[in-house]
Amino acid sequence: MLPSACAADSDLYPYLLVNIGSGVSLLKVEGDGQYERVSGSSLGGGTFWGLCRLLTRCKSFDEMLELSMRGDNSKVCIWLHATSNMLNPQL
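So, a few notes on the structure that sits alongside this text. Predicted, not measured: the structure shown is a model, and the values here were computed from it.

**Digging into the overall build of the chain**
Then step 1. From N to C terminus, the chain includes 4 helices and 3 strands.
Then step 2. Scanning the chain from its N terminus toward the C terminus, one meets helices and strands in the order α-β-β-β-α-α-α.
Then step 3. Looking at the 91 residues of the chain, the share that counts as buried comes to 9%.
Then step 4. Expressed as a percentage of contacts within the chain between residues at least 6 apart in sequence, the contacts between residues at least 24 apart total 7%.

Below, the structure written as structure tokens:
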């Protein structure tokens, strides 16, 4: 139930609801009880946390967040072309 200070129900819809857990789900919500899953992935927070623990030896999620704040993502190449070349230099 929404507090009375919130927008009317008609102003809420449509919206995209994103749930991140062991996977990720994206739901399009068009009204009360009217929703459909529009996308998602089996990779989510659990996969991210597992990789972080293996790669950094972090002991807690908070420690991983702290490391992420100190990092520099400009030094990471995430282009598919770059990762494909690492796996198969023939590409």
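**A look at the environment of Trp-49**
Then step 1. Structurally, the position occupied by Trp-49 is in helix 2 (residues 45–56).
Then step 2. Once the C-alpha coordinates of Trp-49 and Met-64 are considered, the two residues, 15 residues apart in sequence, prove to be 8.1 Å apart.
Then step 3. With residues near it in sequence (within four places) discarded, Trp-49 still touches Cys-58, Lys-59, Ser-60, Phe-61 and Met-64.

**Some details on a nonpolar patch on the surface**
Then step 1. A grouping of Leu-16, Val-18, Ile-20 and Val-38 is seen on the molecular surface, where their side chains present a nonpolar patch of about 370 Å² in accessible area.
Then step 2. If you tally residues by element for the nonpolar patch, the top one is strand 1 (residues 15–20), at 3 residues.
Then step 3. Relative to the helices and strands, Ile-20 resides in strand 1.

**Some remarks on the pairing of strand 3 (residues 34–41)**
Then step 1. Of the pairings in the sheet, the one linking strand 2 (residues 24–31) to strand 3 comprises 7 bridges and is antiparallel in character. Opposite Lys-28, over in strand 3, you have Glu-36 as the bridge partner.

Rules of the game
- Residues numbered from 1 in each chain as written.
- Predicted model: local features only at pLDDT ≥ 70, side-chain atom pairs only at ≥ 80, totals over all residues.
- Heavy atoms only, no water.
- Helix = DSSP H or I, 4+ residues; strand = E, 2+ residues; numbered from the N terminus.
- Buried < 20%, exposed > 50% of the residue type's maximum accessible area, 1.4 Å probe, protein only.
- Contact = heavy atoms within 4.5 Å.
- Patch = residues over 30% accessible without salt bridge, like charges linked within 9 Å, V, L, I, M, F, W, Y side chains within 5 Å.
- Areas by Shrake-Rupley, 256 points an atom, 1.4 Å probe, with all protein chains shown as cover.
- Salt bridge = Lys/Arg side-chain N within 4 Å of Asp/Glu carboxyl O.
- Pairing = 2+ DSSP bridges.

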